[in-house]
Amino acid sequence: MTTLLAILLGLLAIGVVAYMGWGYLRGTSDLISLRNFFLLGFVLFQLTSAVFPLATGDTGNYAIDDPAAAGLKFLVWAIIFLVVMLTVYRYGPVVAPLARRVPKARAELHGPMILGLAFAVTLIAIPVRLGVRVPLIAVLADFIGVGLAATACGLLGWVWGPRLLQPLMLLPALPILLINAANVVTGSFGRRALVAVGAGLLWGMYYSRWRYLKARSVMWRLGLAAAGPAMVVVLFTSARASDEHDRTAMQHLQAVRQGGNFGMGLKMILDGQATGTTSMWLMQYFPEYKEHTHMAMLQYFFAYPIPRSVWVDKPEPLSTQIATMSRRRGVDRNALTIGPGILGHAAADGGWYALFVYAAFIGLLLRFFDELVVSHPTSALAVVPVGCALGQTLGLARGETSAFAFIMVFSIGSVYVLMLVASYAFRAAGLAGGGGGTLDWPEELGEDPFGDEQPATLAQA
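Residues numbered from 1 in each chain as written. Predicted model: local features only at pLDDT ≥ 70, side-chain atom pairs only at ≥ 80, totals over all residues. Heavy atoms only, no water.

Asks: What is the right way to read the overall build of the chain from this model?
Replies: Of regular secondary structure, the chain possesses 19 helices and 0 strands. Against the 2.2 N^0.38 benchmark of 23 Å for 461 residues, the chain shows a C-alpha radius of gyration of 22 Å, consistent with a compact globule. Along the three orthogonal principal directions, the C-alpha set of the chain runs to about 65 × 45 × 45 Å. Looking at the chain residue by residue over its 461 residues, the buried ones come to 53%. Counting contacts in the chain only where the partners sit at least 6 residues apart, residues at least 24 apart contribute 82% of the total. (Helix = DSSP H or I, 4+ residues; strand = E, 2+ residues; numbered from the N terminus. Rg over C-alpha atoms; globule rule 2.2 N^0.38 Å. Buried < 20%, exposed > 50% of the residue type's maximum accessible area, 1.4 Å probe, protein only. Contact = heavy atoms within 4.5 Å.)

Asks: Please explain the environment of Pro317 as it appears in this structure.
Replies: Tracing the sequence through the fold places Pro317 in the loop between helix H13 (296-303) and helix H14 (322-325). Taking the C-alpha atoms as reference points, Pro317 and Arg221, separated by 96 residues in sequence, lie 41 Å from one another. Among all residues touching Pro317, those that are not within four sequence positions of it are Tyr300, Arg308 and Glu400.

Asks: Can you walk me through the nonpolar core in this structure?
Replies: Nonpolar side chains in soluble globular proteins tend to be buried together. Counting 131 residues, the largest nonpolar core has Phe38, Phe42, Phe81, Met85 and Leu343 as its most contacted members. If we ignore the near neighbours within four places in the chain, the residues touching Phe81 are Phe38, Phe42, Ile342, Leu343, Leu355, Tyr358, Ala359 and Ile362. (Core = buried A, V, L, I, M, F, W, Y, C linked by side-chain atoms within 4.5 Å.)

Asks: Just to check I follow, could you spell out the confidence of the model for the chain for this structure?
Replies: Predicted coordinates in areas of low pLDDT are best not read in detail. With 92% of its residues at a pLDDT of 70 or more, the chain has an overall mean of 87. Confidence, expressed as mean pLDDT per element, reaches its minimum in the chain at helix H10 (residues 249-259) with 76 and its maximum at helix H16 (residues 352-374) with 96. Long-range and interchain partners of residues 447-461, a stretch whose pLDDT sits below 50, account for 32 contacts in this model, where long-range means more than four residues apart. (pLDDT = per-residue confidence, 0-100.)

Asks: Would you explain the pattern of salt bridges in this entry?
Replies: A pair can form between side chains of opposite charge whenever their charged atoms are brought close. Considering all chains together, one arrives at 5 salt bridges under this definition. Residue Arg129 pairs with Asp142 through a salt bridge whose shortest N-O separation is 2.7 Å. Here Arg129, found in helix H5 (residues 111-130), pairs with Asp142, found in helix H6 (residues 137-160); they are 13 residues apart in sequence, far enough to count as distant. Here Arg308 makes a salt bridge to Glu316, at a shortest N to O gap of 3.5 Å. (Salt bridge = Lys/Arg side-chain N within 4 Å of Asp/Glu carboxyl O.)

Asks: Looking at this structure, I do not really get the environment of Thr278. What am I missing?
Replies: Considering the arrangement of structural elements, one finds Thr278 in helix H12 (residues 275-285). Take Thr278: its relative accessible area is 1%, and that puts it in the buried class. Placed 228 residues apart in sequence, Thr278 and Ala50 show a C-alpha to C-alpha distance of 8.9 Å. When sequence neighbours within four positions are dropped, the list of residues in contact with Thr278 reads Tyr62, Ile322, Ile338, Gly339 and Pro340.

Asks: Where do I start with the packing of helix H2 (residues 34-56) against H16 in this structure?
Replies: Two packed helices can be described by the angle between their axes and the distance between those axes. Contact geometry for H2 and H16: axes closest at 8 Å, N-to-C directions at 140°. In this view, H2 runs oblique relative to H16, as classed from their interaxial angle. Along the contact surface, H2 presents Leu34, Arg35 and Phe38, while H16 presents Ile362, Leu366, Phe369 and Asp370. Of the residues in the contact of H2 with H16, the class split is 5 nonpolar, no polar and 2 charged. (Axes fitted to C-alpha atoms, helices over the stretch in contact; angles between N-to-C directions. Parallel < 35°, antiparallel > 145°, perpendicular 65-115°, else oblique. Nonpolar A, V, L, I, M, F, W, Y, C, P; charged D, E, K, R; others polar.)

Asks: Just to check I follow, could you spell out the packing of aromatic side chains for this structure?
Replies: The relative placement of two aromatic rings is captured by the distance of their centres and the angle of their planes. Applying the stated criterion to the full structure yields 19 aromatic pairs. Between Tyr206 and Tyr207, the aromatic rings sit 5.0 Å apart at their centres with planes inclined by 90°, giving edge-to-face as the arrangement. The structure contains a cluster of three or more aromatic residues connected by ring pairs, namely Phe143, Tyr300, Phe301, Phe302, Tyr304, Phe361, Phe406 and Phe410. The positively charged end of Arg367 is found above the aromatic ring belonging to Tyr89, 5.9 Å away from the centroid. (Phe/Tyr/Trp six-rings, centres within 6.5 Å; stacked < 30°, edge-to-face > 60°. Lys NZ or Arg CZ within 6 Å of the ring centre and 35° of its normal.)

Asks: How should I be thinking about helix H9 (residues 215-239) in this particular structure?
Replies: Residue pairs spaced three or four apart in an α-helix point in one direction, given the helix's 3.6 residues per turn. The end-to-end C-alpha distance of H9 is 35 Å, a good match for the 36 Å that 25 residues give at a rise of 1.5 Å each. Bending of H9 peaks at approximately 35° at the position of Ala227, with proline Pro229 no more than four residues after it. Buried residues of H9: Val218, Arg221, Leu222, Ala225, Val233, Val234, Phe236, Thr237, Ser238 and Ala239, and no others. Contacts made by the buried residues of H9 are with helix H1 (2-26), helix H7 (170-185), helix H8 (192-208), H10 and helix H11 (262-270). (Expected span 1.5 Å × (residues − 1). Bend = angle between axes of the 7 residues up to and from the residue.)

Asks: What is the right way to read a nonpolar patch on the surface from this model?
Replies: Taken together, the side chains of Met1, Leu4, Ile7, Leu8, Leu11, Ile14, Leu72, Val76, Trp352 and Phe356 define a hydrophobic patch exposed on the protein surface, amounting to about 960 Å² of accessible area. Counting residues per element, the ones that place at least two in the nonpolar patch are H1, helix H3 (67-91) and H16. Among the elements that make up the nonpolar patch, the one with the highest residue count is H1 (5 residues). Within the element layout of this structure, Leu8 appears in helix H1. (Patch = residues over 30% accessible without salt bridge, like charges linked within 9 Å, V, L, I, M, F, W, Y side chains within 5 Å. Areas by Shrake-Rupley, 256 points an atom, 1.4 Å probe, with all protein chains shown as cover.)

Asks: Mind showing me how you'd approach the side chain of Ser279 here?
Replies: Inspection of the secondary structure puts Ser279 in helix H12. For Ser279, the side chain forms a polar contact with the side chain of Gln46, separated by 3.1 Å. Look past the residues within four positions of Ser279 in its chain and what remains in contact with it is Gln46, Phe74, Pro340, Gly341 and Gly344. (Polar contact = N/O pair within 3.5 Å; in protein donor to acceptor, adjacent residues only side chain to side chain.)

Below, the structure is given as structure tokens:
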């Protein structure tokens, strides 16, 4: 039975990927979007992550009394979650019209100015992330700094994407990428900030012009551009040490040189950090051994930015409780955080009704930000900020979802406002027009298929 469930979960994972590809090939959805980054995370941290323990019977640190029953429930919940989330996303009640009313950055900038802005944002991101030492504010500044670093790479991608094979583009690309990567990994253990930088580059490349090319042209460009960032993340993963959270960029580089192993890093990524196992264990634990903490994830989303020095009795998130609940041995239970998975959150926070609520919440959240892009897709200053926290978006399905969702919303919102202010400043100084387009069509791509017209907006699916 468990083998059959593992096969079905594998087929569901393939189906999700096929759904994204089919929507793109039909021209009804973008290949790169916040929705698709979340779905990739759901496949990695929930679906395929549950395949391995069900197929092998090895549930690691989390003993599951009845793997067949837990696996069946997990499969049903995964299907329900996806159906509800995608349905709510498609129709986008309230959030879609709201996003269309959000002010857009309308500054008509061309290649050299965008590159100049990328360098400026790179330099600003360093003191914002590493130089702010004011208590309480420093944490928020860190989020903004990572968002700015990813935005700088996105602006680079906006110019570099249509000129991918031009060797001269390496002159601005290398310093921008290396400086921002070094910035976000300094004093950091997690991979999400590094993913944000690499994915931000791809986001800018795709939305500048790739989204209007034929699928075959897009795929080889995307594969070529993604190879480097993906390799860096894999090697970084293999060289991380749980007892060293304050490494400098040079120390991270040294660790990769000494202990980096591509195969090991890839294996560590593909197992989804055993999140699927944790989710199934939580389905068994609640409410059998502990009462539901109703809507705790949503509550913590709003409580997350409030410091514990201000709110002494601030609730602990689920991710910090799992080590104690499972009686993990050989670890510091008070320090270890474990991703419960979005389905595990629902199991702990109310069961069936929480599953529907959380699916709808994720659908609305993703549709709002994707609609910002769809409503004005040709402005770099409007589009690039939406892709500045893709590491958090990818991790939403893993959890702690409330923390990742807040960081994503705060980062995008902060950087979006800063780019909006920058667009006003450029226009007020006479350095930019007020049009929507921000990039000329490069000669090496042949005739511009749109001429002076704005490209049609892709429908959401």
